[in-house]
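Descriptive analysis of the structure
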Amino acid sequence: MKILAISGSVRKDSLNTQLLRAAGEFVDEGTSIELFDLADIPFYNGDLDGDTKPASVQALLDAITAADGMLLATPEYNYSVSGVLKNAIDWASRPAFNSVLCGKPTGVMSSSMSTLGGARAQVHLRDILAATLTPVYLAPDFALASAHTAFDENGRLVDEGTRDFLQKYMMGYTHWVARQRA
Ligand SMILES: Cc1cc2nc3c(=O)[nH]c(=O)nc-3n(C[C@H](O)[C@H](O)[C@H](O)COP(=O)(O)O)c2cc1C
């Protein structure tokens, strides 16, 4: 099974990207997690959105199409998702209600330095995905609070309780994706 992991942050040391890498530790053999970097996706512009799309956008659409499921990790910017992630979803959401997002089983996570772990952004993200007919894994939620203290210098999640919970999340999520695809 192929999972496409997309971080809503393109900065080099992104905590959300680190979270997605950590999530990759907790999948069964036979499941792969591939990270897609949104750095080259241009601002949505209807003038560029025709049968031929910018190469980076086409690469995103192809990667979503080829994946059995998506795993999104968003930062929280002013109580919502990052513009980077929203922009990518906007590109992927056309044609409306018949896009590559339609029916693609998707897990939603967040991380932030605050004690809420980006939970408010996750709520917005679920709403946005509803508009694109993207089915979202409902529970449990995974929001990584105080994320700047969560990883060691090798990007390993240090807290055993957090590791256990991420493992539970990933088992539940990947089994749900498998059921959705069956
Ligand atoms: C413009 C901006 C707005 C932010 N707003 C919030 C916020 O509303 N809530 C929050 O918990 N963190 C907020 N933060 C902190 C980010 O969640 C934090 O920097 C996070 O680590 C960014 O994700 P990244 O490490 O994956 O880049 C904000 C950061 C920026 C740059």
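Rules and cut-offs
- Residues numbered from 1 in each chain as written.
- Predicted model: local features only at pLDDT ≥ 70, side-chain atom pairs only at ≥ 80, totals over all residues.
- Heavy atoms only, no water.
- Helix = DSSP H or I, 4+ residues; strand = E, 2+ residues; numbered from the N terminus.
- Buried < 20%, exposed > 50% of the residue type's maximum accessible area, 1.4 Å probe, protein only.
- Contact = heavy atoms within 4.5 Å.
- 1 Å grid on protein atoms, 1.4 Å probe; cavity = no way out; pocket = protein on both sides within 12 Å on 5 of 7 lines; lining within 4 Å.
- Points joined across faces, edges and corners; volume = space filled by probe spheres on them.
- Near = heavy atom within 4 Å.
- Polar contact = N/O pair within 3.5 Å; in protein donor to acceptor, adjacent residues only side chain to side chain.
- Areas by Shrake-Rupley, 256 points an atom, 1.4 Å probe, with all protein chains shown as cover.
- Nonpolar A, V, L, I, M, F, W, Y, C, P; charged D, E, K, R; others polar.
- Expected span 1.5 Å × (residues − 1).
- Arc of directions from axis to C-beta.

Now for the environment of glycine 8. With respect to the helices, strands and loops of the structure, glycine 8 is situated in the loop between strand 1 (2-7) and helix 1 (15-23). Here glycine 8 falls in the buried class, since its relative accessible area comes to 1%. C-alpha separation for the pair glycine 8 and serine 82, spaced 74 residues apart in sequence, amounts to 6.0 Å. Aside from chain neighbours lying at most four places away, what touches glycine 8 is Ala73, Pro75, Ser82, Val84 and Leu85.

Our focus in this paragraph is empty space enclosed by the protein. Going through the model one piece at a time under the given rule, you end up with 1 cavity of 30 Å³ or more. Approximately 60 Å³ is the volume attributed to the largest cavity. Lining the largest cavity are Ile6, Leu60, Ile64, Met70, Leu72, Leu85, Ala88, Ile89, Ala92 and Leu101. Examining the composition of the lining of the largest cavity, we find that 4 residues originate from one element, helix 3 (residues 83-92), more than from any other.

What follows is about the site of the ligand. Residues in close proximity to the ligand total 14 residues, the closest being Ser9, Arg11, Ser14, Asn16 and Ser112. Between the ligand and serine 14, the relevant distance is 2.6 Å, taken from an oxygen atom to a side-chain nitrogen or oxygen of the residue. In the model, a nitrogen atom of the ligand is placed 2.8 Å from a nitrogen or oxygen of the asparagine 78 main chain. Here the ligand has 620 Å² of accessible area as a free molecule, and 73% of this is covered by the chains. Per-class residue counts for the shell around the ligand are 5 nonpolar, 6 polar and 3 charged.

Rolled over the atoms, a probe with the dimensions of a water molecule shows which regions are left empty. The space that makes up the largest pocket amounts to roughly 180 Å³. In this structure, the largest pocket is lined by Ser7, Ser9, Val10, Arg11, Lys12, Thr17, Arg21, Leu35, Phe36, Asp37 and Leu38. Secondary structure elements with two or more residues in the lining of the largest pocket: helix 1 and strand 2 (32-36). For the lining of the largest pocket, the per-class residue count stands at 4 nonpolar, 3 polar and 4 charged.

Another point: the side chain of threonine 132. Counting through the fold element by element, threonine 132 comes out in the loop between helix 4 (119-131) and strand 5 (142-144). Within the structure, threonine 132 has its side chain in polar contact with the side chain of threonine 134 (distance 2.5 Å). Filtering out sequence-adjacent residues up to four positions away, threonine 132 remains in contact with Ile89, Ser93, Leu101 and Cys102.

The next subject is helix 5 (residues 160-181). Under the 1.5 Å per step criterion, the end-to-end length of helix 5 is 31 Å for 22 residues, consistent within 8% with the ideal 32 Å. Along helix 5, the residues classified as buried are Thr162, Arg163, Leu166, Tyr169, Met170, Tyr173, Thr174, Trp176 and Val177. On an axial view of helix 5, the arc spanned by its buried residues comes to 160 degrees, and they lie on one face. In helix 5, the exposed positions that point more than 90 degrees away from the buried face belong to Lys168 and Arg179. Residues of helix 5 that are buried make contact with strand 1, helix 1, strand 2, strand 3 (69-74), strand 4 (106-111) and strand 5. The backbone nitrogen of glycine 161 lies 3.4 Å from a side-chain oxygen of the residue at the head of helix 5, namely aspartate 159.

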